[in-house]
Amino acid sequence: HFYTLDFIEKVVVPNMSNMYHVAKKKIPYFDKVSKKTVKPTENNGIKLESFIFDVFPLSVNMAMLDVSREEEFAPVKNAPGSSSDSPDT
């Protein structure tokens, strides 16, 4: 994705508060009694997320490039060592 700094400063930033999605997550926490970090097995919190494509509707000029997924698509959203969508995979 390519955005101009002008677009980000004048259009995206002023509209950021309208672009969050609620994601239910398992959020580790510190237990004072056991003095250990607890990794929950079920969702115990929420995270507000926004995605790079959320700004598409704010754009006046936009173009798409269609490419072969097998040759060009490589999601990198997880840390190295993760089993999927990481620099290692």
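Inspection of the secondary structure puts Asp54 in the loop between strand 4 (45–49) and helix 2 (69–72). Buried charge without a salt bridge: Asp54, with Lys47 as the nearest opposite-charge side chain at an N-O distance of 12 Å. In this structure the side chain of Asp54 is engaged in a polar contact, spanning 2.9 Å, whose partner is the side chain of His21. With residues near it in sequence (within four places) discarded, Asp54 still touches Met19 and His21.

This next bit is on unusual backbone geometry. Notably, Lys35 is not glycine yet its phi reads approximately 55 degrees, a positive angle. Tracing the sequence through the fold places Lys35 in the loop between strand 2 (29–31) and strand 3 (36–38). Even without being a glycine, Asp85 presents a positive backbone phi close to 50 degrees.

For the largest pocket, the calculated volume is near 510 Å³. Along the walls of the largest pocket sit 15 residues, with His1, Phe2, Phe56, Met62 and Ala63 positioned nearest its centre. Across the lining of the largest pocket, the residue classes tally to 11 nonpolar, 4 polar and no charged.

This part is about the packing of aromatic side chains. Note on aromatic pairs: each is described by the distance of the centres and the angle between the planes. Considering all chains together, one arrives at 2 aromatic pairs under this definition. An angle of 25 degrees between the planes, with centres 5.7 Å apart, marks the rings of Tyr3 and Phe7 as stacked. Residue Tyr3 is classed as partly exposed on the basis of its relative accessible area, which comes to 24%. With 5.4 Å between their ring centres and 10 degrees between their planes, Phe51 and Phe53 make a pair best called stacked.

What follows covers the confidence of the model for the protein. Taken residue by residue, the protein gives an average pLDDT of 89. The fraction at 70 or more is 100%. Across the protein, the secondary-structure element scoring lowest on mean pLDDT is helix 2, at 80, and the one scoring highest is strand 3, at 97.

Attention now goes to the side chain of Ser86. Relative to the helices and strands, Ser86 resides in the segment after helix 2. Take Ser86: its relative accessible area is 2%, and that puts it in the buried class. A polar side-chain atom of Ser86 sits 3.3 Å from the main-chain carbonyl oxygen of Ser82. Non-local contacts of Ser86, meaning those with residues more than four positions away in its chain, are made with Pro75, Val76, Asn78, Ala79, Pro80 and Gly81.

This part takes up the environment of Val60. Tracing the backbone shows Val60 in the loop between strand 4 and helix 2. A sequence separation of 22 residues divides Val60 from Val38, and the C-alpha atoms of the two residues are 46 Å apart.

Cut-offs applied
Positions within a chain are numbered from 1, following the residues in the order the chain's sequence is written. Local features in this predicted model are restricted to residues whose pLDDT is 70 or higher, and side-chain atom pairs enter the listing and the counts only when it is 80 or higher, whereas totals over whole chains, interfaces and linings include all residues. Only hydrogens and water are removed before side-chain values are computed, so all heavy atoms of the structure are retained for them. Starting at the N terminus, helices and strands are each numbered in turn, a helix being any DSSP run of H or I of at least four residues and a strand any DSSP run of E of at least two. Summary of the burial criterion: residues with accessible area below 20% of their type's maximum are buried, those above 50% are exposed, and those between are partly exposed, where the area comes from a 1.4 Å probe applied to protein chains only. When charges are counted, Lys and Arg contribute as positive and Asp and Glu as negative, whereas His and the chain ends are disregarded. The salt bridge criterion pairs a side-chain nitrogen of Lys or Arg with a carboxyl oxygen of Asp or Glu, the two atoms within 4 Å. Polar contacts, as used here, are pairs of N or O atoms within 3.5 Å; protein pairs need one atom able to donate a hydrogen and one able to accept it. Residues neighboring in sequence count only if both atoms are side-chain atoms. Any two residues having at least one pair of non-hydrogen atoms within 4.5 Å are treated as being in contact. The rule is simple: put a 1 Å grid over the protein atoms alone, call a set of points where a 1.4 Å probe fits but cannot get out a cavity, call an open set with protein on both sides within 12 Å along at least five of seven lines a pocket, and count a residue as lining if it has an atom within 4 Å of a point. Grid points are joined across faces, edges and corners, and a volume is the space filled by probe spheres set on the points. For this classification, Asp, Glu, Lys and Arg are treated as charged, while Ala, Val, Leu, Ile, Met, Phe, Trp, Tyr, Cys and Pro are nonpolar and the rest, including Gly, are polar. Any two rings among Phe, Tyr and Trp, with Trp reduced to its six-membered ring, count as a pair given centres within 6.5 Å; such a pair is stacked if its planes are under 30 degrees apart, edge-to-face if over 60, and tilted if neither. Confidence of the predictor in every single residue is expressed as pLDDT, which spans 0 to 100.

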